[in-house]
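Chain by chain, the residues run as shown.
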Amino acid sequence: MTREPSRLTNAAIRQYAERVGEHHEIYDRAGTADLHDLVRRLGGRLAIGDSKESLHVNAPGDFVIYLPRLTSSRRDRFTIAHELGHYFLHYLHPGSETAASFGRGERNPVETQANVFASSLLMPERVFREAWRLKDGDVHALARQFEVSPAAVAVRAQVLGLS
Ligand SMILES: [Zn+2]
C-alpha cells in the first residue's frame, strides 16, 4: 500500500478524523467511540495476527486490521484508530491537494499522521475539552471515559493546550 505521507496539515487531519467519526455516528453520549462498529461500517474486519499490528487493504471498503495477541482493549482501540488513520490518509487519499506541512525533522511523518488521526477520532476536541473541564484534568478519569490509555489522554491535553 501507499506509504507516502498525506499532504494534509495536522489540523486538517484532526478535523478529518472527527468528521469520519461524526458521519458514522460512532460516539455514545459520553463521547466514547465505537470503533468496532466503525470498522464494520467501513467494510473492514479485525483479526488477531502473530506479528505486530498492521493494515491490509484489499480494495476500498475491504480491509483487515491485524491486532497483536495479548494486549489490552484500550491499547487495541488506539491501534485500530491508528490503522484507520493509515486507511484514510495513506490509502484512500494519498497525496491530496491541501498544503503540506508535516515537520521536516519528523522521523516518520506517516506514523505521526496516523497517531494524530487516532487521537482525534478517539477523543473529539469539543467533547474532550468539556470532559477535561468537568473532571478537572483527571487523566485517569478521562482515560476511562474515552477508553484510552492515560498517556493518550495526556498527549491529547497537551496538543489542545490544556496541560
Ligand atoms: Zn502505523
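Residues numbered from 1 in each chain as written. Predicted model: local features only at pLDDT ≥ 70, side-chain atom pairs only at ≥ 80, totals over all residues.

Draft legend 1. Region of interest: the overall build of the chain. What the chain contains, in helices and strands, is seven helices and three strands. For the chain, the α and β elements follow one another from N to C terminus as α-α-β-β-β-α-α-α-α-α. The C-alpha radius of gyration computed for the chain amounts to 15 Å, which stays within 12% of the reference 15 Å derived for 163 residues, consistent with globular compactness. Here the chain holds 163 residues, and the buried ones make up 30% of them. Long-range contacts, defined here as pairs at least 24 residues apart, represent 65% of the contacts in the chain between residues at least 6 apart. (Helix = DSSP H or I, 4+ residues; strand = E, 2+ residues; numbered from the N terminus. Rg over C-alpha atoms; globule rule 2.2 N^0.38 Å. Buried ≥ 20, exposed ≤ 12 C-beta atoms within 10 Å, placed from the backbone. Contact = placed C-beta atoms within 7 Å.)

Draft legend 2. Fine view of the pairing of strand β2 (residues 54-59). Summarising the sheet, β2 and strand β3 (residues 62-68) pair through five bridges and their orientation is antiparallel. Each bridged residue has a counterpart across the sheet, and for Ala59 the counterpart in β3 is Asp62. Connecting β2 to the next strand, β3, in antiparallel fashion are two residues, including Gly61 with a positive phi near 80°. (Pairing = 2+ DSSP bridges.)

Draft legend 3. Here's a closer look at the nonpolar core. In terms of nonpolar packing, the biggest core is built from 33 residues, with Ile13, Ala81, Phe117, Ala118, Leu121, Leu122 and Val148 touching the most fellow members. Secondary-structure elements contributing two or more residues to this core are α1 (10-23), α2 (35-41), β3, α3 (73-92), α4 (109-122), α5 (125-134), α6 (139-146) and α7 (150-159). Sort the elements by how many residues they give to this core and α3 lands first, with seven residues. Excluding residues that lie within four positions of it along the chain, Leu121 makes contacts with Ala17, Val20, Gly21, Ala33, Ala81 and Leu84. (Core = buried A, V, L, I, M, F, W, Y, C linked by C-beta atoms within 7 Å.)

Draft legend 4. Quick look at the pairing of β3. Bridge count for strand β1 (residues 44-49) against β3 is six bridges, and the pairing is parallel. Paired with Ile48 across the bridge in β3 is Leu67.

Draft legend 5. Structural view of the environment of Pro5. Structurally, the position occupied by Pro5 is in the segment before α1. In the structure, Pro5 is positioned 54 residues away from Ala59 in sequence and 19 Å away in space, judged by C-alpha atoms.

Draft legend 6. Up close: the confidence of the model for the chain. Taken residue by residue, the chain gives an average pLDDT of 89. The fraction at 70 or more is 90%. Taking the mean pLDDT of every element in the chain, the minimum, 91, falls on β2 and the maximum, 98, on α6. Note that residues 96-105 has pLDDT below 50 and, in this model, 15 contacts with residues that lie over four places away or in other chains. (pLDDT = per-residue confidence, 0-100.)

Draft legend 7. The arrangement of the sheet that holds β1 in detail. If you walk across this open sheet you meet the three strands as β1-β3-β2, and the pairing is mixed. The sheet is open, and its two borders are formed by β1 and β2, each paired with just one other strand. Each strand axis lies, on average, 25° off the axis of its neighbour in the sheet, ignoring direction. (Axes fitted to C-alpha atoms, helices over the stretch in contact; angles between N-to-C directions.)

Draft legend 8. The arrangement of the packing of α6 against α7 in detail. Where α6 meets α7, the axes come as close as 8 Å, and the angle between the chain directions of the two elements is 105°. By the angle class used here, α6 and α7 are roughly perpendicular. Here Val139, His140, Leu142, Ala143 and Phe146 of α6 come into contact with α7, specifically with Pro150, Val153 and Ala154. Classifying every residue of the contact of α6 with α7 gives seven nonpolar, one polar and no charged. (Parallel < 35°, antiparallel > 145°, perpendicular 65-115°, else oblique. Nonpolar A, V, L, I, M, F, W, Y, C, P; charged D, E, K, R; others polar.)

Draft legend 9. Representation of the environment of Leu46. On the secondary structure map, Leu46 appears in strand β1. Along the chain, Leu46 and Leu121 lie 75 residues apart, while their C-alpha atoms are 18 Å from each other. In contact with Leu46, not counting residues within four places along its chain, are Val39, Ile65, Leu67 and Ile80.

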